[in-house]
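# Coordinates in review
What follows is each chain in one-letter form.
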Amino acid sequence: MNILRSVQKIPGGLLIVPMLLAAAVNTVFPQLFGIGDPTTALFTSRGTMVLIGLILFVSGTQLDLRLLPATLKRAGVHVLARILIAWMFGWAFVYGFGIEGFAGISAIAFIAVLTSCNPGLYLALMNSYGDEMDQGAFGILNLIAVPVIPVMILNSASGAEIDYLSVAATLLPFAVGILLGNLDANLQRMFAPGTVILLPFLGISFGSSINLSLAFRSSLSGLLLTLLFFLLCLLPLVMIDRHLLKRPGYAAAATCSVAGLSMVVPGIAAGFNPAYAPYADTAIAQIAFTVILTSITIPYVVKRLAGKVNSAEAGH
């Protein structure tokens, strides 16, 4: 019985399959993940940042400093484009529809999704389809994976500033990994399998906070939210990747899956501003549906775009 090979046949399967299995368990038996440590610490959102920190460190050890400028160029464009898109459409949404939004989609759900990126799924896909520079971009993409950006956009009218400490805290494990990996090739080799080992645990930590019943209860508004995300984020990013970076677009597409971590944004936003509180529960369910849908569809979009590149290379 070759479970690993079956999972690896699915694009991004090392993260997606554990995430969906954990979501199913959480839906049927939510008490299981909360029985106490170390189970709770390892398999729930309590351990998400630890796992992300470890993956940041490990992926840093694999990045050759000679490739860093090119990596920054690719990932930097993707990150800046995501922030600009989210800021522009987020402000337009609030000014056009108010915080209550339209068609059941509130401002917190819309902005949380538009700014979200799942670096874990990105890395799983780039391990299959990308090169070293694509894989190295994982560390930089984590800057838009944490809830800082959507909360900033939601609260910018009240004068909220960039949380530079959060930015530094995100980059430090990655920088330490780069330093050690480039100082000692033995360390680089030792940590090489690290991301493959850690990705399934990250998937479980994402999935353990998803209730499939609640997610699919908001399927119509969640589907509309996903379509808006693809229209306003996926298509522009692929075009930017192709025309500005002269790349095939699969790496840009891989950044366009919504992370389970984005489900904490409504609660954080409501803490900053009680006006968001009435929309928080619905927003969480809609975001969960979008997490599931993008996690399933984006890997196949990436596979298709990467397949076109391979076909073109084979033709030559």
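Coordinates for the structure precede this section.
Everything numeric here is computed off the predicted structure, so don't read it as measured data.

Okay, the overall build of the chain next. Looking only at helices and strands, the chain features 18 helices and zero strands. For the chain, the C-alpha radius of gyration of 19 Å lies close to 20 Å, the compact-globule estimate for 316 residues. The C-alpha extent of the chain, read off along each of the three principal axes, is 55 × 45 × 40 Å. The long-range share in the chain, meaning contacts at least 24 apart out of those at least 6 apart in sequence, stands at 82%. Carbon and sulfur atoms make up 69% of the accessible area of the chain, which totals about 14,300 Å². Charge separation in the chain, taken as the distance between the mean sites of 15 positive and 12 negative side-chain charges, equals 12 Å.

Another aspect to go through is the pattern of salt bridges. For the structure shown, the criterion picks out four salt bridges. For the salt bridge of R46 with D37, the shortest nitrogen-to-oxygen distance reads 2.9 Å. Residue R46 is classed as exposed on the basis of its relative accessible area, which comes to 54%.

Time to look at unusual backbone geometry. Along the chain, D37 connects to P38 via a cis peptide bond; the corresponding omega equals 10°. Take P38: it is sitting in the loop between α2 (13–28) and α3 (39–43). One non-glycine residue, A103, lies in positive phi territory at about 50°. Tracing the sequence through the fold places A103 in the loop between α5 (68–97) and α6 (107–115). For A103, a relative accessible area of 52% puts it in the exposed group. Of note in the backbone geometry, K246 takes a positive phi value of approximately 60° without being a glycine. Checked against the element boundaries, K246 lands in the loop between α15 (219–243) and α16 (250–254).

What follows covers the nonpolar core. In this structure, F110, M126, L154, I210, F229 and V302 are the most contacted members of the largest nonpolar core, which totals 85 residues. Among the elements that make up this core, the one with the highest residue count is helix α18 (residues 280–315) (ten residues).

With that settled, the discussion passes to the packing of helix α7 (residues 119–129) against helix α13 (residues 194–207). It is at 10 Å that the axes of α7 and α13 come closest, and there the two elements cross at 140°. Between α7 and α13, the angle falls in the class oblique. Read as a crossing pair, α7 and α13 show a hand that is left-handed. Here G120, L123, A124 and N127 of α7 lie close against α13, whose contacting residues are T195, L199 and L202. Split by residue class, the contact of α7 with α13 holds four nonpolar, three polar and no charged.

Glancing now at the packing of aromatic side chains. Summed over all chains, the structure comprises nine aromatic pairs. Residues F43 and F201 carry aromatic rings whose centres are separated by 6.4 Å and whose planes lie at 15° to one another, so their mutual orientation is stacked. In this pair, F43 sits in helix α3 while F201 sits in helix α13, placing the two residues 158 residues apart along the sequence. With centroids separated by 5.9 Å and ring planes inclined at 45°, the aromatic side chains of F93 and F102 adopt a geometry described as tilted. By relative accessible area, F93 is classed as buried at 4%. Look at F102 and you get partly exposed, because its relative accessible area is 29%. Through a chain of ring-to-ring contacts, three or more aromatic side chains come together here, namely F93, F97, F102 and F110.

Cut-off values and rules
- Residues numbered from 1 in each chain as written.
- Predicted model: local features only at pLDDT ≥ 70, side-chain atom pairs only at ≥ 80, totals over all residues.
- Heavy atoms only, no water.
- Helix = DSSP H or I, 4+ residues; strand = E, 2+ residues; numbered from the N terminus.
- Rg over C-alpha atoms; globule rule 2.2 N^0.38 Å.
- Contact = heavy atoms within 4.5 Å.
- Areas by Shrake-Rupley, 256 points an atom, 1.4 Å probe, with all protein chains shown as cover.
- Lys, Arg positive; Asp, Glu negative; His and termini not counted.
- Charge placed at Lys NZ, Arg CZ, Asp CG, Glu CD.
- Salt bridge = Lys/Arg side-chain N within 4 Å of Asp/Glu carboxyl O.
- Buried < 20%, exposed > 50% of the residue type's maximum accessible area, 1.4 Å probe, protein only.
- Core = buried A, V, L, I, M, F, W, Y, C linked by side-chain atoms within 4.5 Å.
- Axes fitted to C-alpha atoms, helices over the stretch in contact; angles between N-to-C directions.
- Parallel < 35°, antiparallel > 145°, perpendicular 65-115°, else oblique.
- Left-handed = near helix turned anticlockwise from the far one by under 90°.
- Nonpolar A, V, L, I, M, F, W, Y, C, P; charged D, E, K, R; others polar.
- Phe/Tyr/Trp six-rings, centres within 6.5 Å; stacked < 30°, edge-to-face > 60°.

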